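Below are the chains, spelled out letter by letter.
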Amino acid sequence: IAGGPGSGKTILAHQIMFANATIERPALYFTVLGEPTLKMLRYQRQFSYFDPDLAGSAIQFVNLSAEVLERDLGEILERIVGETERAKPGIVVVDSFRTIVGQHGSSERGATFDLDKFVQRLALHLTTWEVTSFLLGEYAAEEQRNPVFTVADGILWLSQATDRNSVVRKLQIVKTRGRAPMPGLHTFRITDAGLQVFPRIPEQ
């Protein structure tokens, strides 16, 4: 799930988790955001999909901020693998994946565990676990050829633009492996219920 700041990536991920997570197949949310989890959950409480009974049980949160700042990609991967094998989730979210690869992509610390190797190993683990995974990141439209996207089965691109005095939000399905996406840009809005998408009707 890609897009600029404020485009709705985190809201969409939470909306999906709260709609699908169960105690038997929980959702595991890895965050590298500077804000504490409690602050993020306080913001999510304003949406009708939020269920406090699921937070901390069917939906579990793991903060990777310390690992991203102090450890290399190999150790970050070990933490993700360990937590996932412990929780046995049905959904895994990494927010923000861009922060992880950006922090280590050009640093000397990242050189001990190649960035491409990290992406490929993570993709292999996620496939083996048979989980539905969402990698969130802030990317500009011209970065759609980023090699990170090659491991993704699907790419959802969220964008927003100012039109006179209004903000127009668009969703584009850039890639869906194994099936044809509905082409074009689909308008959506963020309401108390989360993201509400108005699919574009294809021309006959």
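Bear in mind that the values here come from a model prediction, so they are computed numbers and not experimental data. Numbering of residues begins from 1 in every chain and follows the order in which that chain's sequence is written. Where totals are concerned, whole chains, interfaces and linings use all residues; where local detail is concerned, this predicted model gives features only for residues with pLDDT of at least 70, and gives and counts side-chain atom pairs only at 80 or more. With hydrogens and water set aside, each side-chain value is computed from the structure's full complement of heavy atoms.

## Describing the environment of V81
Here's step 1: By the criteria applied, helices consist of DSSP H or I runs no shorter than four residues and strands consist of E runs no shorter than two, each listed in order from the N terminus. Within the element layout of this structure, V81 appears in helix α4 (residues 73–87).
Here's step 2: When its relative accessible area of 13% is taken as the criterion, V81 is described as buried.
Here's step 3: With 73 residues separating them in the primary sequence, V81 and G8 have C-alpha atoms 27 Å apart.
Here's step 4: The contact criterion used throughout is that any non-hydrogen atoms of two residues lie within 4.5 Å. Dropping the residues within four chain positions of it, V81 is found in contact with H125 and W129. Whether a residue is buried, partly exposed or exposed follows from its accessible area with a 1.4 Å probe, protein chains only, as a fraction of its type maximum: under 20%, in between, or over 50%, in that order.

## A short note on the packing of aromatic side chains
Here's step 1: Side-chain rings of Phe, Tyr and Trp (the six-membered ring for Trp) are treated as a pair once their centres are within 6.5 Å; stacked means planes under 30 degrees apart, edge-to-face means over 60, and tilted covers the remaining angles. For the structure on display, the rule yields 8 aromatic pairs.
Here's step 2: Centroid distance Y139 to F149: 5.0 Å. Interplanar angle 65°. Geometry classified as edge-to-face. Here F149 lies in the loop between β5 (132–138) and β6 (154–163) and Y139 lies in the loop between β5 and β6, a separation of 10 residues in the sequence. The same class applies to Y139 and to F149, which are both buried.
Here's step 3: Between F149 and W157 the ring centres are 5.8 Å apart and the planes differ by 75°, which places this aromatic pair in the edge-to-face class.
Here's step 4: Given the relative accessible area of 10%, F149 is considered buried.
Here's step 5: On the accessibility criterion, W157 (6% relative accessible area) is buried.
Here's step 6: These aromatic residues form a ring-pair network of at least three members: F18, Y43, F47, Y49 and F50.

## A short note on helix α6 (residues 115–129)
Here's step 1: Taking 1.5 Å per residue, 15 residues should reach 21 Å; α6 reaches 21 Å between its end C-alpha atoms and fits that length.
Here's step 2: Turning to α6, its buried residues number three or more, namely F118, V119, L122, A123, L126 and W129. Buried residues of α6, viewed axially, fall in a sector of 130°; they line one side. Residues L124, T127 and T128 are exposed on α6 and point more than 90 degrees away from its buried face. What a helix should span is 1.5 Å times the count of its residues minus one. What the arc covers is the set of directions going from the helix axis to the C-beta atoms.

## Regarding the environment of L158
Here's step 1: Tracing the backbone shows L158 in strand β6.
Here's step 2: Judged by its relative accessible area of 0%, L158 falls in the buried class.
Here's step 3: Expressed as a C-alpha distance, the spacing of L158 and L77, which sit 81 residues apart in the sequence, is 27 Å.
Here's step 4: The contact partners of L158, leaving out residues within four places of it in the chain, are I1, A2, G3, G4, S7, G8, K9, L12, K170, L171, F188 and L195.

## Things to note about the environment of H14
Here's step 1: On the secondary structure map, H14 appears in helix α1 (residues 9–20).
Here's step 2: Separated by 164 residues in the primary sequence, H14 and G178 place their C-alpha atoms 25 Å from one another.
Here's step 3: With sequence-adjacent residues up to four places away left out, H14 is seen in contact with Y29, M40, Q44, Y49 and F61.

## A look at the sheet that holds strand β2 (residues 27–31)
Here's step 1: Being paired, for any two strands, means DSSP has found at least two bridges between them. Ordered by their spatial adjacency, 9 strands build an open sheet running β3-β2-β4-β5-β1-β6-β7-β8-β9, and the pairing between neighbours is mixed. Edge positions in the open sheet fall to β3 (59–63) and β9 (194–198), since each of these has one partner strand only.
Here's step 2: Here 5 bridges tie β2 to strand β4 (residues 91–95), and the two strands are oriented parallel to one another. The partner of T31 across the bridge, within β4, is D95.
Here's step 3: In this analysis, axes come from line fits to C-alpha atoms, helices being fitted only over the stretch in contact, and the angle between any two N-to-C directions falls in the range 0 to 180 degrees. Together, β2 and β3 form the strand contacts of helix α2 (residues 37–44), whose direction differs from that of β3 by roughly 140°.
Here's step 4: Across the sheet, α4 touches β2, β3 and β4, and the angle it forms with β2 is around 160°.

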